[in-house]
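Here is how the chains run, residue by residue.
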Amino acid sequence: MTKEICISNKKDILYFLKTKSKKRIQNLFVEANTLSEKYRKNKVHFRGLIEFSNVCEKNCLYCGLRRDLEIDRYTMTKEEILNAAKFCLDNGYGSLVIQSGEINTQKNLYFLVDVISTIKKEYNLQMTLSLGEMSKTSLQKLFDAGGRRYLLRIETSNEKLYKKLHPNDDKHLFQNRLNTLKNLKSIGYQVGTGIMIGLPYQTYNDLANDLLFFKELNIDMLGMGPYVPHPKTPLYKIKPKLKDAFNLSLKMYALARLFLKDVNIAAPTALQVFDKKGREKALTSGANILMPIVTPTNLRKNYLIYPDKPCIEDTKEKCFNCLNARLRSINKEMGKNEFGDSIHYFKRQKK
Ligand code: 5AD
Ligand code: SF4
């Protein structure tokens, strides 16, 4: 029997972020997985990811969809989105994510209100929105239409670092992102945030502070993943200080599980850029959510947030089969036809 690992403060977090001891790291992963299974048994919940548009008004210095890049821009039609949503329903996904770059037009808002209310009425799937920063009024309209969860990564909770990753203008303000997260909570969404791991300038101290930030904000869902340098973006020329974004990401899932306990933690596709079994490793180190891409295959190559993105030649059927086989290999299974909402959200509602 190993001694139970307790992650209750910054010192504990920093210790595990820095340790190179294989045995301690392995124990950390095992304990995080045990806690995940205490909440969810061996179930992993799926959110079908619909990357509905790659249009973006922003110019984040690390992203392959940034405004200044000349890429083929697309927006899916309502019919294409409903078709992807129907696939999720037919295959027992329970939930989907509607994601795009930031498009703050009234036309886009009303398009989304129509699409979301149709999906809710016709398919009753739980919907996560991942559409960037928006006004409180717009976020409320999307909630009223049926959106129940919102993902907005803070990218880093260190404001100084945030400024180094974004253009210096009023479209890219740290404070706006923070306010949006607060607005999402006051509207009643299940709120998810997250960071990139292994960013230029980022330190262990930043990562530890990020976990404290998540606790302080009392978030319900976490979407963290390794930073993948994109050669066509301005940040590419700056090399990260921390090495091994992949293994650091696994540590972050485990630490987040043990520190935040009952939040949903996603195993992002980006892990597979580093390791073919990246997502399985995350799911046995504290993560409990998968987001299989259900975007039509012909559009996937235009949603390259980072280079070497996996699954871009695949069909949604192939992704479904592949992920189920991956789950079997780690003795887990899909939480079929279940929403798999954040347990933390309901606990915080009761308080
Ligand atoms: N590497 C990894 N993740 C990235 N994102 C954007 N660019 C990159 C990159 N180069 C992530 C950001 C954003 C999400 C949509 O994609 O965290 O919030
Ligand atoms: Fe747009 Fe999001 Fe990429 Fe920033 S990270 S450029 S907001 S898609």
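Residues numbered from 1 in each chain as written. Chains lettered and ligands numbered in written order. Predicted model: local features only at pLDDT ≥ 70, side-chain atom pairs only at ≥ 80, totals over all residues. Heavy atoms only, no water.

Novice: Would you mind showing me how to read the packing of aromatic side chains here?
Specialist: Enumeration according to the criterion identifies eleven aromatic pairs in this entry. Each residue in the set Phe46, Phe87, Tyr93 and Phe320 is aromatic and connected to the rest through ring pairs, giving one cluster. The aromatic ring of tyrosine 201 is capped on one face by lysine 164, whose charged end is 4.6 Å from the ring centroid. If you follow lysine 239 out to its NZ or CZ, it ends over the ring of tyrosine 236, 4.5 Å from the centre. (Phe/Tyr/Trp six-rings, centres within 6.5 Å; stacked < 30°, edge-to-face > 60°. Lys NZ or Arg CZ within 6 Å of the ring centre and 35° of its normal.)

Novice: Would you explain the layout of surface pockets in this entry?
Specialist: Empty space among the atoms can be located by rolling a probe the size of a water molecule over them. There is about 300 Å³ of room inside the largest pocket. Lining the largest pocket are 14 residues; nearest its centre among them are Thr19, Lys20, Asp244, Asn247 and Lys251. Elements with a minimum of two residues in the lining of the largest pocket: helix 1 (10-18), helix 2 (22-40) and helix 9 (245-260). Its residues assigned to classes, the lining of the largest pocket comprises six nonpolar, two polar and six charged. (1 Å grid on protein atoms, 1.4 Å probe; cavity = no way out; pocket = protein on both sides within 12 Å on 5 of 7 lines; lining within 4 Å. Points joined across faces, edges and corners; volume = space filled by probe spheres on them. Helix = DSSP H or I, 4+ residues; strand = E, 2+ residues; numbered from the N terminus. Nonpolar A, V, L, I, M, F, W, Y, C, P; charged D, E, K, R; others polar.)

Novice: Can you help me understand the pattern of salt bridges in this one?
Specialist: Two side chains that carry opposite charge are able to pair once their charged atoms sit near each other. The tally for this structure, following the rule as stated, stands at 17 salt bridges. With its nearest N and O atoms 3.2 Å apart, the salt bridge here joins arginine 177 to glutamate 155. Taken as a pair, arginine 177 in helix 7 (residues 174-187) and glutamate 155 in the loop between strand 4 (149-151) and helix 6 (159-165) lie far apart in primary sequence, 22 residues in all. Glutamate 155 matches arginine 177 in its accessibility class, with the two residues each being buried. The shortest N-O distance in the salt bridge between glutamate 317 and lysine 316 comes to 3.7 Å. Since its relative accessible area comes to 39%, glutamate 317 is described here as partly exposed. (Salt bridge = Lys/Arg side-chain N within 4 Å of Asp/Glu carboxyl O. Buried < 20%, exposed > 50% of the residue type's maximum accessible area, 1.4 Å probe, protein only.)

Novice: Just checking my understanding: could you explain the site of ligand 2 for this structure?
Specialist: Around ligand 2, the surrounding shell consists of Cys56, Lys58, Cys60, Tyr62, Cys63, Arg66 and Gly101. According to the grid-proximity analysis, the pocket containing ligand 2 is the largest cavity. A breakdown of the residues in the shell around ligand 2 according to their chemical character gives four nonpolar, one polar and two charged. (Near = heavy atom within 4 Å. Sits in = over half its atoms within 2 Å of the grid points.)

Novice: Explain empty space enclosed by the protein to me, please; I cannot follow it from the model alone.
Specialist: The full count for this structure, using the stated rule, is six cavities of 30 Å³ or more. Considering only enclosed or pocket space, the largest cavity measures out at about 960 Å³ in volume. As for the largest cavity, its lining consists of 40 residues, of which Gln99, Ser130, Arg153, Glu155 and Ile305 are closest to the centre. Contributions of two or more residues to the lining of the largest cavity are made by strand 1 (43-53), strand 2 (95-100), strand 8 (225-226) and strand 9 (264-267). Tallied by class, residues from the lining of the largest cavity come to 23 nonpolar, nine polar and eight charged. By volume, the second largest cavity amounts to about 110 Å³. Forming the walls of the second largest cavity are 13 residues, and the residues nearest its centre are Arg47, Leu151, Met221, Ala266 and Ile289. Contributions of two or more residues to the lining of the second largest cavity are made by strand 4, strand 7 (221-222) and strand 9. Per-element tally for the lining of the second largest cavity: the top contributor is strand 9, with three residues. Looking at the lining of the second largest cavity residue by residue, the classes come out as eight nonpolar, three polar and two charged.

Novice: Before we go on, may I ask you to explain the nonpolar core in this structure?
Specialist: General note: in soluble globular proteins, nonpolar side chains tend to be found buried as a group. Ile98, Ile119, Tyr189 and Phe214 are the most contacted members of the largest nonpolar core, which has 102 residues in total. When residues in this core are grouped by element, the largest group, eleven residues, is from helix 9. Residue contacts for phenylalanine 214: discarding those within four places in its chain leaves Ile154, Thr193, Gly194, Ile195, Ile219, Leu222, Met224 and Leu260. Val97, Met221, Met291 and Cys319 belong to the second-largest nonpolar core, a separate cluster that totals ten residues. (Core = buried A, V, L, I, M, F, W, Y, C linked by side-chain atoms within 4.5 Å. Contact = heavy atoms within 4.5 Å.)

Novice: Mind showing me how you'd approach a positive patch on the surface here?
Specialist: The grouping of Lys160, Lys163, Lys164 and Lys241 at the surface amounts to a positive patch. Relative to the elements of secondary structure, lysine 241 occurs in the loop between strand 8 and helix 9. (Patch = residues over 30% accessible without salt bridge, like charges linked within 9 Å, V, L, I, M, F, W, Y side chains within 5 Å. Areas by Shrake-Rupley, 256 points an atom, 1.4 Å probe, with all protein chains shown as cover. Lys, Arg positive; Asp, Glu negative; His and termini not counted. Charge placed at Lys NZ, Arg CZ, Asp CG, Glu CD.)

Novice: How do you make sense of the pairing of strand 5 (residues 190-193) when you look at a structure like this?
Specialist: One face of the sheet, then the other: side chains in a regular strand alternate in exactly this way. Of the two faces of strand 5, both are covered, the one formed by Gln190 and Gly192 as well as the one formed by Val191 and Thr193. Note: strand 4 against strand 5, three bridges, orientation parallel. By the bridge assignment, leucine 151 is partnered in strand 5 with glycine 192. Here two bridges tie strand 5 to strand 7, and the two strands are oriented parallel to one another. Within the sheet, the bridge partner assigned to glycine 192 lies in strand 7 and is methionine 221. (Pairing = 2+ DSSP bridges.)

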